[in-house]
Amino acid sequence: MDVLFWVVTVALFAYVLYAVVSEAPSSGCLSADLARAMDEKKKAETSRRRRRIPVEDSPAASSSAAPTPLPAVTPAEPAPAMEPESSGVVTSDSLRNPSTGETAAIPTNYRFAKRWIKEAMVAEGLLDKVYGTAELDAENGEKVRAALAEFKQLAKYKT
């Protein structure tokens, strides 16, 4: 029985060694073509975000015929009048980074703000520097809250 055990073990070891040596090395789970296609897709997506071409200026819109007008739809009953909002209140719930086009929710707390929001607050002159968590004492906390309230009102960062 011992001999049979060792014969099976040696045969298994030989098969594993043969499989490792005979097969070509793998470069991961993606083929070279698929990896290249994914890289091109990411580059195209980031360049598209940075450009933000309006629909009217896009090549596809200029080559197609004039769009057909949609028929006018009249509502059955008028929409209820909305109360006018006071000036200074932000109506959207997100901010947009003008350089990258990334959007982020308006933070309720400085600690939850994205890094680009903190850096933009420094660039706009609302804060002296990007504060760390340990630096947010009572005095700095008030500065940050005031700066965050002013930053929300900047038209450059509204969506």
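Residues numbered from 1 in each chain as written. Predicted model: local features only at pLDDT ≥ 70, side-chain atom pairs only at ≥ 80, totals over all residues. Heavy atoms only, no water.

*Asks:* What exactly am I supposed to notice about the overall build of the protein here?
*Replies:* Within the protein, the secondary structure is distributed over 5 helices and 2 strands. When the helices and strands of the protein are listed from N to C terminus, the series reads α-α-α-β-β-α-α. Here the protein holds 159 residues, and 16% of them are scored as buried. The long-range fraction of contacts in the protein, counting pairs at least 24 apart against all pairs at least 6 apart in sequence, stands at 41%. (Helix = DSSP H or I, 4+ residues; strand = E, 2+ residues; numbered from the N terminus. Buried < 20%, exposed > 50% of the residue type's maximum accessible area, 1.4 Å probe, protein only. Contact = heavy atoms within 4.5 Å.)

*Asks:* What's the story with a nonpolar patch on the surface in this structure? I'm lost.
*Replies:* A contiguous nonpolar surface patch, about 830 Å² in accessible area, is contributed by Phe13, Tyr15, Val16, Leu17, Tyr18, Val20 and Val21. Structurally, tyrosine 18 can be placed in helix α1 (residues 2–22). (Patch = residues over 30% accessible without salt bridge, like charges linked within 9 Å, V, L, I, M, F, W, Y side chains within 5 Å. Areas by Shrake-Rupley, 256 points an atom, 1.4 Å probe, with all protein chains shown as cover. Salt bridge = Lys/Arg side-chain N within 4 Å of Asp/Glu carboxyl O.)

*Asks:* Honestly, the confidence of the model for the protein in this entry has me stumped. Any pointers?
*Replies:* When pLDDT is averaged along the protein, the result is 77, and 69% of the positions lie at 70 or above. Per-element averaging of pLDDT across the protein places helix α3 (residues 59–63) at the bottom with 52 and α1 at the top with 93. When the criterion is pLDDT under 50, residues 84–90 qualifies, and its contacts beyond four places in sequence or with other chains add up to 6 contacts. (pLDDT = per-residue confidence, 0-100.)

*Asks:* In this structure, what is going on with the nonpolar core? I would like to understand it.
*Replies:* Soluble globular proteins tend to pack their nonpolar side chains together in the buried interior. Among the nonpolar cores identified, the biggest contains 17 residues, and Leu95, Tyr110, Ile117, Met121, Leu127 and Phe151 are the most heavily contacted of them. Elements with a contribution of two residues or more to this core: α4 (115–123) and α5 (138–153). Ignoring sequence-local partners within four residues, the contact set of leucine 127 consists of Tyr110, Met121, Val122, Lys143, Val144 and Ala147. (Core = buried A, V, L, I, M, F, W, Y, C linked by side-chain atoms within 4.5 Å.)

*Asks:* Honestly, the layout of surface pockets in this entry has me stumped. Any pointers?
*Replies:* Of the voids in this model, the largest pocket is the one considered here, and its volume is about 200 Å³. Every residue lining the largest pocket is listed: Thr108, Asn109, Tyr110, Arg111, Leu136, Asp137, Ala138, Gly141, Val144, Arg145, Leu148 and Lys152. Considering only residue class, the lining of the largest pocket consists of 5 nonpolar, 3 polar and 4 charged. (1 Å grid on protein atoms, 1.4 Å probe; cavity = no way out; pocket = protein on both sides within 12 Å on 5 of 7 lines; lining within 4 Å. Points joined across faces, edges and corners; volume = space filled by probe spheres on them. Nonpolar A, V, L, I, M, F, W, Y, C, P; charged D, E, K, R; others polar.)

*Asks:* Would you explain the side chain of lysine 118 in this entry?
*Replies:* With respect to the helices and strands, the residue lysine 118 is situated in helix α4. One buried charged side chain, lysine 118, makes no salt bridge at all; its nearest oppositely charged neighbour is glutamate 119, positioned 9.5 Å away. (Lys, Arg positive; Asp, Glu negative; His and termini not counted.)

*Asks:* Would you explain the packing of aromatic side chains in this entry?
*Replies:* Remark: the centre distance and the inter-plane angle together describe each pair of aromatic rings, the angle taken between the planes. One pass over the structure, following the stated rule, counts 2 aromatic pairs. Taken together, a centroid distance of 5.5 Å and an interplanar angle of 75° make the contact between phenylalanine 5 and tryptophan 6 edge-to-face. An identical accessibility class is assigned to phenylalanine 5 and tryptophan 6; each is exposed. With a centroid separation of 4.6 Å and an interplanar angle of 40°, the aromatic rings of phenylalanine 151 and tyrosine 157 are classed as tilted. Per residue, the accessibility class of phenylalanine 151 equals that of tyrosine 157, and both read buried. (Phe/Tyr/Trp six-rings, centres within 6.5 Å; stacked < 30°, edge-to-face > 60°.)

*Asks:* In this structure, what is going on with the packing of α4 against α5? I would like to understand it.
*Replies:* Packed helices, taken two at a time, are described by the angle between their axes plus the distance between the axes. Where α4 meets α5, the closest approach of the two axes is 11 Å, and the angle between their N-to-C directions is 95°. Here α4 lies roughly perpendicular to α5, going by the angle between them. Across the interface between the two elements, Ile117, Ala120 and Met121 from α4 touch Val144, Ala147, Leu148 and Phe151 from α5. Taken together, the residues of the contact of α4 with α5 sort by class into 7 nonpolar, no polar and no charged. (Axes fitted to C-alpha atoms, helices over the stretch in contact; angles between N-to-C directions. Parallel < 35°, antiparallel > 145°, perpendicular 65-115°, else oblique.)

*Asks:* Please clarify how the pattern of salt bridges should be interpreted in this entry.
*Replies:* One side chain can pair with another of opposite charge once the charged atoms of both are near each other. Scanning the model with the defined rule gives 5 salt bridges in all. With a shortest N-O distance of 3.3 Å, arginine 115 and glutamate 119 are connected by a salt bridge. Separated by 4 residues within a single helix, arginine 115 and glutamate 119 lie in helix α4, roughly one turn from each other. A relative accessible area of 53% places arginine 115 in the exposed class. We classify glutamate 119 as partly exposed; its relative accessible area is 42%.

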